[in-house]
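Residues per chain are reported as follows:
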Amino acid sequence: MFQVTKTVHIACAHNLNLPYESKCNNDHGHNFKVTVTIIAPHLNECDMVVDFSLVKQAVMMLDHADLNVLLPTFNEELAKHRPTSELLCKIIGDAVNAAMRSDEEKDTRGNPNALVSRVVVQESEGNEASFSWPIQIQQPEKSNIVTPDSMHPALRGGGRRN
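Reference entry: report on the structure contained in this document.

1. Examining the overall build of the protein chain
So, step 1. The helix and strand tally for the protein chain stands at 3 helices and 5 strands.
So, step 2. Counting from the amino terminus, helix and strand elements in the protein chain follow one another as β-β-α-β-α-α-β-β.
So, step 3. Counting the 162 residues in the protein chain, one finds 35% classified as buried.
So, step 4. Contacts in the protein chain between residues far apart in sequence, at least 24 positions, make up 65% of those at least 6 positions apart.
So, step 5. Roughly 10,900 Å² of accessible area belongs to the protein chain as shown, and the carbon and sulfur atoms make up 49% of that amount.

Next up, the structure:
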């Protein structure tokens, strides 16, 4: 299984409108650090899991946004929820998954075989949330890139190196 990780920094404003007294009920902002991990059993036609620019583009849709205003425009369901870091993880992962399956002609940056496995959103030092997607483990295919015969003799095993 191939794996890549992309980290993107975004600045967003929000308030949480919590049912208890909290500083987070006031409008405020964060410089979020977003880390997206993607796995794929196969590389795309450019020999990548996914082009990092596609991941960045999907995350940057939130940059300099008021999340209380932007998120409800995505769908009615999001209008019912608070824009927490936990929810941002899921939204970002879904956006990256959708971008990797884009039907845009001639955009070979994506990979229909790839899946976001984890998103971590750090809103401040020591405070982060994450969401992990359940991943089915598949039996690895026989590699046509590296075979025992194509490996350097020192990498094949069969002896100790001193």
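Still more to cover.
2. Points about the packing of aromatic side chains
So, step 1. Tallying each qualifying case throughout the model produces 1 aromatic pair.
So, step 2. Considering the side-chain rings of Phe131 and Trp133, the 4.6 Å spacing of their centres and the 75 degrees angle between planes classify their relative orientation as edge-to-face.
So, step 3. You can call Trp133 buried: its relative accessible area is 15%.

3. Digging into the pairing of strand β5 (residues 127-132)
So, step 1. Pairing of strand β4 (residues 115-124) with β5 involves 6 bridges; the strand directions are antiparallel. Its bridge partner being in β5, Val121 is matched across the sheet by Ala129.
So, step 2. Hairpin connection, β4 to β5: the antiparallel pair is bridged by 2 residues, and Gly126 has positive phi, about 85 degrees.

4. Topic: the packing of helix α1 (residues 52-60) against helix α3 (residues 85-100)
So, step 1. One can describe the packing of α1 onto α3 by two numbers: an axis separation of 9 Å at closest approach and a directional angle of 135 degrees. Classified by the angle their axes make, α1 and α3 are oblique. Both α1 and α3 take part in a crossing whose hand is right-handed. For the pair α1 and α3, contact is made by Leu54, Val55, Ala58 and Val59 and by Ile92, Ala95, Val96, Ala99 and Met100, respectively.

Cut-off values and rules
- Residues numbered from 1 in each chain as written.
- Predicted model: local features only at pLDDT ≥ 70, side-chain atom pairs only at ≥ 80, totals over all residues.
- Heavy atoms only, no water.
- Helix = DSSP H or I, 4+ residues; strand = E, 2+ residues; numbered from the N terminus.
- Buried < 20%, exposed > 50% of the residue type's maximum accessible area, 1.4 Å probe, protein only.
- Contact = heavy atoms within 4.5 Å.
- Areas by Shrake-Rupley, 256 points an atom, 1.4 Å probe, with all protein chains shown as cover.
- Phe/Tyr/Trp six-rings, centres within 6.5 Å; stacked < 30°, edge-to-face > 60°.
- Pairing = 2+ DSSP bridges.
- Axes fitted to C-alpha atoms, helices over the stretch in contact; angles between N-to-C directions.
- Parallel < 35°, antiparallel > 145°, perpendicular 65-115°, else oblique.
- Left-handed = near helix turned anticlockwise from the far one by under 90°.

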